[in-house]
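Given next are the chains, with one letter for each unit.
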Amino acid sequence: MLRGARRTWGVAMDNRVAIPGYKRWLDPTTGAAPPVHVAFLDVEEDPAHDVQGAIVEVDVPTLFALDARERNYTRVDLDPARVDGAQGGPLVTYVGSPDGRARLAEGRAAGTAVVARAYLDLVLERFAALGLLDAFDATPLDLPVIDLVRVDLPADGPTTFRDG
């Protein structure tokens, strides 16, 4: 458990923009890339709450790979005194980057912020496997959940999709 934090839907990617080497979400019916802001989970400081999760040991190359993959987040060091079950260290987590949080705020203001059902299903599956589904269920979901299909974009190939 991470004390003094809460889980939120706090960051988003702008699906209107195709970034080589990243991803895009497509409508499974039309194949178009809808002009939405796809939201993802975040961890925010909040002294009134605690976040249940898992501690996973990773090696340095894996940590750098996570840094590259988690483009909506910033890696931060954690004080081991805030983490139940911490043994040794260092301890880190990923929190929403200012840009990722700004994209979600833009999507909320425009009414285009959504959660991809495939992402939500994966999160639910992983929390259930850890026995933490009740902890996740306490995370308020105040955004529409829609069917989207994730497409990973090549780093050096075409990134054009029919926008819809």
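Computed from a predicted model, the values in this text were never measured in an experiment.

### Overview of the overall build of the protein chain
- Across its full length, the protein chain carries four helices and eight strands.
- In terms of C-alpha radius of gyration, the protein chain reaches 17 Å, essentially the compact-globule figure of 15 Å for 164 residues.
- Projected onto its principal axes, the C-alpha positions of the protein chain cover 50 × 35 × 30 Å.
- Of the contacts made within the protein chain by residues no fewer than 6 positions apart, 76% connect residues no fewer than 24 positions apart.
- Carbon and sulfur atoms make up 55% of the accessible area of the protein chain, which totals about 9400 Å².
- For the protein chain, the separation between the mean place of its 17 positive charges and that of its 25 negative charges on side chains is 4 Å.

### Structural notes on the sheet that holds strand β3 (residues 37-51)
- Pairing within the open sheet is mixed, and its four strands lie in the order β1-β3-β6-β7. The strands lining the two open edges of the sheet, one partner per strand, are β1 (2-14) and β7 (145-146).
- Both β1 and β3 contribute to a ladder of 11 bridges, which runs antiparallel. Looking at the pairing, Leu2 lines up with Val51 of β3.
- Here helix α2 (residues 98-110) sits on the sheet in contact with β1, β3 and β6 (113-116), set at roughly 65 degrees to β1.

### Quick word on the pattern of salt bridges
- This structure, assessed with the given rule, holds 12 salt bridges.
- Here Arg3 and Asp84 are joined by a salt bridge, their closest N and O atoms 2.1 Å apart. With Arg3 in strand β1 and Asp84 in the loop between β4 (73-78) and β5 (91-96), the pair connects residues that are 81 residues apart, well separated along the chain.
- Overall, the relative accessible area of 29% leaves Arg3 in the partly exposed class.
- The exposure class of Asp84 is partly exposed, given its relative accessible area of 40%.
- Where Arg16 meets Asp14, a salt bridge forms, and the shortest distance between an N and an O atom there is 2.6 Å.
- Taking relative accessible area as the criterion, Asp14 reaches 13% and is therefore assigned buried.
- Each of Arg6, Glu44 and Asp46 takes part in salt bridges that share partners, so that together they form one network.

### Description of the layout of surface pockets
- The space that makes up the second largest pocket amounts to roughly 310 Å³.
- Around the second largest pocket, the lining comprises 17 residues; the ones closest to its centre are Arg6, Arg7, Thr8, Thr139 and Pro140.
- In terms of residues, the lining of the second largest pocket owes the most to one element, β1, which gives six residues.
- A per-class count over the lining of the second largest pocket returns six nonpolar, five polar and six charged.

### Looking at the packing of aromatic side chains
- Applying the stated rule across the entire model yields four aromatic pairs.
- Relative to Phe136, the ring of Trp9 has its centre 6.4 Å away and its plane inclined at 80 degrees; by these criteria the two rings are edge-to-face. Here Phe136 lies in helix α4 (residues 133-137) and Trp9 lies in strand β1, a separation of 127 residues in the sequence. Here the two residues Trp9 and Phe136 agree in accessibility, since each one is buried.
- For the ring pair Phe40 and Tyr119, a centre distance of 4.9 Å and an interplane angle of 90 degrees mean the geometry is edge-to-face. Residue Phe40 is located in strand β3, and its partner Tyr119 is located in helix α3 (residues 117-129); the two are separated by 79 residues in the primary sequence.

### Examining the nonpolar core
- Within the largest apolar cluster, 28 residues are counted, with the highest numbers of intra-cluster contacts made by Trp9, Trp25, Val38, Phe40, Tyr119, Phe136 and Leu143.
- Breaking this core down by element, the ones donating at least two residues are β1, β3, β6, α3 and α4.
- Setting aside anything within four residues of it in sequence, one finds Phe136 in contact with Arg7, Trp9, Leu41, Leu120, Val123, Leu124 and Phe127.
- Leu2, Val51, Val83 and Leu91 belong to the second-largest nonpolar core, a separate cluster that totals eight residues.

### Points about the environment of Asp134
- You can see Asp134 is positioned in helix α4.
- What makes Asp134 exposed here is its relative accessible area of 70%.
- The sequence separation of Asp134 and Trp9 amounts to 125 residues, and the corresponding C-alpha distance is 17 Å.

Calculation criteria
Residues numbered from 1 in each chain as written. Predicted model: local features only at pLDDT ≥ 70, side-chain atom pairs only at ≥ 80, totals over all residues. Heavy atoms only, no water. Helix = DSSP H or I, 4+ residues; strand = E, 2+ residues; numbered from the N terminus. Rg over C-alpha atoms; globule rule 2.2 N^0.38 Å. Contact = heavy atoms within 4.5 Å. Areas by Shrake-Rupley, 256 points an atom, 1.4 Å probe, with all protein chains shown as cover. Lys, Arg positive; Asp, Glu negative; His and termini not counted. Charge placed at Lys NZ, Arg CZ, Asp CG, Glu CD. Pairing = 2+ DSSP bridges. Axes fitted to C-alpha atoms, helices over the stretch in contact; angles between N-to-C directions. Salt bridge = Lys/Arg side-chain N within 4 Å of Asp/Glu carboxyl O. Buried < 20%, exposed > 50% of the residue type's maximum accessible area, 1.4 Å probe, protein only. 1 Å grid on protein atoms, 1.4 Å probe; cavity = no way out; pocket = protein on both sides within 12 Å on 5 of 7 lines; lining within 4 Å. Points joined across faces, edges and corners; volume = space filled by probe spheres on them. Nonpolar A, V, L, I, M, F, W, Y, C, P; charged D, E, K, R; others polar. Phe/Tyr/Trp six-rings, centres within 6.5 Å; stacked < 30°, edge-to-face > 60°. Core = buried A, V, L, I, M, F, W, Y, C linked by side-chain atoms within 4.5 Å.

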